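Each chain, letter by letter, is given below.
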Amino acid sequence: MGMVSGTRDWEEVYKNNSVDELPWFRKKLDQDVKKELNDRKIKSGDALDLGTGPGTQALELLKLGFNVAATDISKSAINEAHKLTNDIDFIVDDILQTKLKKKFDLILDRGCFHTIEPEERKIYIQNIKKLLNSNGLLFLKCFSDKEPGTGSGPYRISESLLRDVFNNDFLIEKILHTEFKGKRTPNPKALFAVMKIR
Ligand SMILES: C[S@@+](CC[C@H](N)C(=O)[O-])C[C@H]1O[C@@H](n2cnc3c(N)ncnc32)[C@H](O)[C@@H]1O
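Keep in mind it's a predicted model, so treat the numbers as computed, not measured.

### Looking at the site of the ligand
Line of reasoning, step 1. Around the ligand there are 20 residues in total, and Trp-10, Gly-51, Gly-53, Arg-110 and Gly-111 lie nearest to it.
Line of reasoning, step 2. Residues belonging to the shell around the ligand are distributed by class as follows: 8 nonpolar, 9 polar and 3 charged.

Listed below in structure tokens is the structure:
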């Protein structure tokens, strides 16, 4: 898809498309998220699905046993996702000026960070810090620099860039080289990072 940034563009995306046709649509829980939760034997807690879009990942977290809040900058996305269930707290919220007051044990970002403009990454990080419990986990999945293409669409994030940007505030427990399973073939190359606040 073309360049997407800012509220209006995201609103257009969700107004004009059915969610199951969007490239990132994945009905099942993301394979890396699933494995990480399994390995750590985490099944419950307060989770935030940040940039929830279609809401499928939030729904899977709910089914696992989490208490889930899910935010997106797009009102249409949130309205649509809300039809999935009443048991998730779906909220229109921009992570760059978040109004959330709660703290979470788990924040999942599947595909939001890589759309944030480079000059706004620090704001993103400060806000994530405010929303995460001191022993909470951030699961971040983004396109990697092994995925061809630049400029438009999601930023390609290298492992060293991720470390540079997050290192001051977050302890990076792992960065996995993986793939984004959705509607694109072949699957875009991705990074999956697990972090904690320092
Ligand atoms: C690639 S999609 C991924 C959607 C969803 N996480 C999933 O895995 O299906 C990125 C999402 O981030 C949302 N988004 C972009 N910028 C945002 C911001 N500043 N605050 C909150 N959500 C944002 C978009 O509206 C979009 O739904």
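There is more to say after this.
### Comments concerning the nonpolar core
Line of reasoning, step 1. Grouped together as the largest cluster of nonpolar side chains are 49 residues, with contacts concentrated most on Ala-47, Val-68, Ile-107, Leu-138 and Leu-191.
Line of reasoning, step 2. When residues of this core are assigned to their parent elements, the largest contribution, 7 residues, is made by strand β5 (residues 132-143).
Line of reasoning, step 3. Other than its neighbours up to four places away in sequence, Leu-138 contacts Ile-107, Ile-128, Leu-132, Phe-170 and Met-195.

### Observations concerning unusual backbone geometry
Line of reasoning, step 1. Residue Pro-186 is reached from Thr-185 by a cis peptide bond, and omega for that bond is -10°.
Line of reasoning, step 2. Looking at the secondary structure, you find Pro-186 in the loop between β6 (170-179) and β7 (189-197).
Line of reasoning, step 3. Here Lys-41, not a glycine, exhibits a phi torsion of approximately 55°, which is positive.
Line of reasoning, step 4. One can find Lys-41 in the loop between α2 (31-40) and β1 (45-50).
Line of reasoning, step 5. Taking the number of C-beta atoms within 10 Å as the measure of exposure, Lys-41 has 6 and is therefore exposed.

### Overview of the sheet that holds β1
Line of reasoning, step 1. Strand order in the open sheet made by the 7 strands is β3-β2-β1-β4-β5-β7-β6, with mixed pairing throughout. Each of the sheet's edge strands pairs with one partner strand only, and the pair in question is β3 (89-92) and β6. Going from strand to strand, the sheet's axes swing by 15° on average, the running direction of each strand aside.
Line of reasoning, step 2. One ladder, built from 9 bridges, connects β6 with β7; its direction is antiparallel. Across the sheet, Thr-178 pairs through a bridge with Ala-190, a residue of β7.
Line of reasoning, step 3. Where helix α6 (residues 159-166) meets the sheet, its contacts fall on β6 and β7, and the angle it forms with β6 comes to roughly 160°.

### Section: α2
Line of reasoning, step 1. Among all positions in α2, only Asp-32, Val-33 and Leu-37 are buried. Buried residues of α2 fall within an arc of 130° about the axis and therefore sit on the same side. Projecting away from the buried face of α2 at angles above 90 degrees are the exposed residues Asn-38 and Asp-39.
Line of reasoning, step 2. At the C-terminal side of α2, Lys-41 shows a positive phi close to 55°.

### Some details on the environment of Tyr-155
Line of reasoning, step 1. Assignment of secondary structure puts Tyr-155 in the loop between β5 and α6.
Line of reasoning, step 2. A residue is classified by how many C-beta atoms lie within 10 Å of it, and Tyr-155, with 18 of them, is partly exposed.
Line of reasoning, step 3. With 103 residues separating them in the primary sequence, Tyr-155 and Thr-52 have C-alpha atoms 18 Å apart.
Line of reasoning, step 4. In contact with Tyr-155, not counting residues within four places along its chain, are His-114 and Phe-143.

What counts and how
Residue positions are given per chain, counted from 1 along the sequence in the order it is written. The predicted nature of this model means local features are confined to residues of pLDDT at least 70 and side-chain atom pairs, given and counted, to a pLDDT of 80 or more, with totals for whole chains, interfaces and linings taken over all residues. Contact assignment follows one rule, namely that a residue is near a molecule or strand if its backbone-placed C-beta atom lies within 6 Å of it. As a working rule, the residues Ala, Val, Leu, Ile, Met, Phe, Trp, Tyr, Cys and Pro are called nonpolar, Asp, Glu, Lys and Arg charged, and the rest polar, with Gly in that last group. A set of buried residues drawn from Ala, Val, Leu, Ile, Met, Phe, Trp, Tyr and Cys, joined through C-beta atoms within 7 Å, is what defines a nonpolar core. The exposure scheme places C-beta atoms from the backbone and then counts, for each residue, the other C-beta atoms within 10 Å of its own, assigning buried at 20 or more, exposed at 12 or fewer, and partly exposed in between. In this description a helix means any DSSP run of H or I spanning at least four residues, a strand means any run of E spanning at least two, and both kinds are numbered starting from the N terminus. Note that contacts rest on C-beta atoms placed from the backbone: two residues are in contact if these are within 7 Å. Pairing between two strands requires that DSSP report at least two bridges joining them. Angular values range over 0 to 180 degrees, each being the angle between N-to-C directions of two axes fitted as lines to C-alpha atoms, with helices fitted over their stretch in contact. Taken from the helix axis, the directions to the C-beta atoms give the arc we talk about.

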